[in-house]
Amino acid sequence: MRELLLMPLLTMAGIYDLREKKIPNYLIWLGWIFALSIRFLQEGLRGLIYCMAAILVTVTIAFPLFWIRAVGAGDVKLVSVIGGMYGLEFLYLVTVVWLIMAGFVSLAVLFRNGIFLDRFQYMWFYFTAGREKGEPYYDKNRDSPESTVILAPILAAAYVLVLLGKWGKVC
């Protein structure tokens, strides 16, 4: 049941993110409503409380990545939908796979566009001095669009891989 609701939602979020570079809030709200409803139907009040806690914990933990502009707010909220729907243990697996996949995609994009060394130098500067000045890691006015990676489709792929691993008893 969860998969029947979450797969189309993640697919739509990925398509919107690719086209608009933004995930619409109505998809997030719909995802949260699905998660709360399913957890309540399956586990009662306890499931509802765990769902809300997972959403809150996910947003709280991921907020620093948004704050430095390493990920978008929509990405943080979309990840929280998965956490609310499945719980933090499943979300942990999805997040690890997602970050590894996003890292490889990022490297491929940076090398393809010939900007790996520039971005590496900027990252080094940022983590050694830039944070102290309160600068965001990514600034769309300063940084080139070639240095960005659209994360929602990668998150959807990571979700599918973890599901396949669970179904195949790999994870």
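The structure reproduced in this document is the subject of the present report. Note that the structure is predicted; figures quoted are calculated from it, not measured. (Residues numbered from 1 in each chain as written. Predicted model: local features only at pLDDT ≥ 70, side-chain atom pairs only at ≥ 80, totals over all residues. Heavy atoms only, no water.)

**Overview of the overall build of the protein chain**
Now for step 1: When you go through the protein chain residue by residue, the secondary structure sums to seven helices and zero strands.
Now for step 2: Element order for the protein chain, N to C, with α for helix and β for strand: α-α-α-α-α-α-α.
Now for step 3: Put simply, the protein chain has 171 residues, and 36% of those count as buried.
Now for step 4: Expressed as a percentage of contacts within the protein chain between residues at least 6 apart in sequence, the contacts between residues at least 24 apart total 67%. (Helix = DSSP H or I, 4+ residues; strand = E, 2+ residues; numbered from the N terminus. Buried < 20%, exposed > 50% of the residue type's maximum accessible area, 1.4 Å probe, protein only. Contact = heavy atoms within 4.5 Å.)

**Quick look at the packing of aromatic side chains**
Each aromatic ring pair is specified by the distance between its two centres and by the angle formed by the two planes.
Now for step 1: This model, assessed by the stated rule, comprises eight aromatic pairs.
Now for step 2: Between Tyr 16 and Tyr 26 the ring centres are 6.2 Å apart and the planes differ by 90 degrees, which places this aromatic pair in the edge-to-face class. Of this pair, Tyr 16 sits in helix α1 (residues 2–20) while Tyr 26 sits in helix α2 (residues 25–43), placing them ten residues apart in sequence.
Now for step 3: Residue classification places Tyr 26 among the partly exposed positions, given a relative accessible area of 47%. (Phe/Tyr/Trp six-rings, centres within 6.5 Å; stacked < 30°, edge-to-face > 60°.)

**Let's talk about the pattern of salt bridges**
Now for step 1: Following the criterion strictly, the structure yields one salt bridge and no others.
Now for step 2: Taking the shortest distance from any N to any O, the salt bridge between Arg 39 and Glu 43 comes out at 2.8 Å. Of this pair, Arg 39 and Glu 43 are both found in helix α2, four residues apart, which corresponds to roughly one turn of the helix.
Now for step 3: Its relative accessible area of 34% is what places Glu 43 among the partly exposed residues. (Salt bridge = Lys/Arg side-chain N within 4 Å of Asp/Glu carboxyl O.)

**Concerning helix α3 (residues 45–67)**
Now for step 1: Look at α3: 33 Å from first C-alpha to last across 23 residues, which is about the 33 Å you get at 1.5 Å a residue.
Now for step 2: Where α3 bends most, at Ile 61, the angle is about 35 degrees, and the proline Pro 64 comes one to four residues later.
Now for step 3: Looking at the buried side of α3, the elements it contacts are α2, α4 (73–86) and α5 (88–112).
Now for step 4: In the stretch just after α3, Arg 69 is the one whose phi turns positive, near 70 degrees. (Expected span 1.5 Å × (residues − 1). Bend = angle between axes of the 7 residues up to and from the residue.)

**Notes on the nonpolar core**
Now for step 1: Membership of the largest hydrophobic core comes to 35 residues, with the highest contact counts inside it found for Leu 6, Leu 78, Ile 82, Tyr 86 and Phe 90.
Now for step 2: When residues of this core are traced back to their parent elements, those giving at least two are α1, α2, α3, α4, α5 and α7 (152–167).
Now for step 3: With eight residues, α7 is the single largest residue contributor to this core.
Now for step 4: Sequence-distant contacts of Tyr 86, defined by excluding residues within four places in its chain, comprise Arg 2, Glu 3, Leu 6, Arg 39, Tyr 159 and Leu 163. (Core = buried A, V, L, I, M, F, W, Y, C linked by side-chain atoms within 4.5 Å.)

**Description of the layout of surface pockets**
Now for step 1: Of the voids in this model, the second largest pocket is the one considered here, and its volume is about 290 Å³.
Now for step 2: Broken down by secondary-structure element, the contributors of at least two residues to the lining of the second largest pocket are α3, α4 and α5.
Now for step 3: Here the lining of the second largest pocket takes six residues from α5, the largest share from any one element.
Now for step 4: Among the residues making up the lining of the second largest pocket, the classes are represented as twelve nonpolar, two polar and no charged. (1 Å grid on protein atoms, 1.4 Å probe; cavity = no way out; pocket = protein on both sides within 12 Å on 5 of 7 lines; lining within 4 Å. Points joined across faces, edges and corners; volume = space filled by probe spheres on them. Nonpolar A, V, L, I, M, F, W, Y, C, P; charged D, E, K, R; others polar.)

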